Amino acid sequence: MSWLKQLSSSWQQKRLQRPELASMFAPPTAGQWVAIDCEMTGLNPRKHHLLSVAAIHVNGNTIDTGNGLHLVCRPPVMPDRNTIVIHGLRTADVEHGMSYDEMLAILLPFIDNRPIVGFCPQIDTAFLNPLVKHYMGTTLPNQVIDVRELYSRRMGNPDHSAPNPSQHLTKILAHYHIPELGTHDAYNDAVMTAMAFLHVR
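Residues numbered from 1 in each chain as written. Predicted model: local features only at pLDDT ≥ 70, side-chain atom pairs only at ≥ 80, totals over all residues. Heavy atoms only, no water.

(A) How the structure looks around the nonpolar core. Formed by 29 residues in total, the largest nonpolar core has its most connected members in Leu-50, Met-103, Leu-104, Leu-107, Leu-108, Leu-128 and Met-136. Of all the secondary structure elements, the ones that give two or more residues to this core are strand E1 (32-40), strand E2 (50-59), strand E4 (69-72), helix H4 (100-111) and helix H5 (121-136). A total of seven residues in this core trace back to one element, the largest contributor, which is H4. Sequence-distant contacts of Leu-104, that is, excluding residues within four places in its chain, are made with Pro-109, Leu-131, Val-132 and Tyr-135. (Core = buried A, V, L, I, M, F, W, Y, C linked by side-chain atoms within 4.5 Å. Buried < 20%, exposed > 50% of the residue type's maximum accessible area, 1.4 Å probe, protein only. Helix = DSSP H or I, 4+ residues; strand = E, 2+ residues; numbered from the N terminus. Contact = heavy atoms within 4.5 Å.)

(B) Local environment of the packing of helix H6 (residues 147-154) against helix H8 (residues 186-200). Direction vectors running N to C along H6 and H8 enclose 35 degrees, while the axes themselves pass 10 Å from each other. The hand of the H6/H8 crossing is left-handed. Across the interface between the two elements, Val-147, Leu-150, Tyr-151 and Arg-154 of H6 pack against Thr-193, Ala-196, Phe-197, His-199 and Val-200 of H8. Along the lines of polarity and charge, the residues of the contact of H6 with H8 split into six nonpolar, two polar and one charged. (Axes fitted to C-alpha atoms, helices over the stretch in contact; angles between N-to-C directions. Left-handed = near helix turned anticlockwise from the far one by under 90°. Nonpolar A, V, L, I, M, F, W, Y, C, P; charged D, E, K, R; others polar.)

(C) Main features of the pattern of salt bridges. Taken as a whole and judged by the stated rule, the model has two salt bridges. In this structure, the salt-bridge partner of Glu-20 is Arg-18, at a minimum N-O distance of 3.7 Å. One salt bridge in this structure joins Asp-93 and Arg-90, with 2.9 Å as the shortest N-O distance. (Salt bridge = Lys/Arg side-chain N within 4 Å of Asp/Glu carboxyl O.)

From the geometry alone we can't say anything about function, so treat these as descriptive.
Encoded structure:
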């Protein structure tokens, strides 16, 4: 870890309001990650809301699908028909979901100090971090790994941050002959992201 990251981690840890989560700041164990995916009412964290989150441990070459999390949350504003057709989560599916604090009480110990793996995880963390900061006093301290960037490097793209249709998750899955499990389901997306990660890490 660079001195700048160490300084940032130390600064974050001083703001931690839940001592039971102090292990999130410990150095990660080699060969352990957590794949995550979120479903939201839209892509703007300033006006849209989190609906569900899935997280699955990756240990070495194994994806622990039998012990993953798939948590449905109760958003402050119910999803409208324009987004229901994308993620399939109706008002009836989320109105009795858990509160964001209840979700984080389960999710954060599960993530612990593992690096977070996702497909464009910056979007997921943009929704999670405001909730996490409210819950524990600071944002997620974990390293974040973008499968799209790893794939881009594998393909020799010098500008891995530039949007490229070939970097869409379905294209990456097809490249490695990974079966599609059905997108826009948080758990399926987390599993497929984990499978892609094992190819591009």
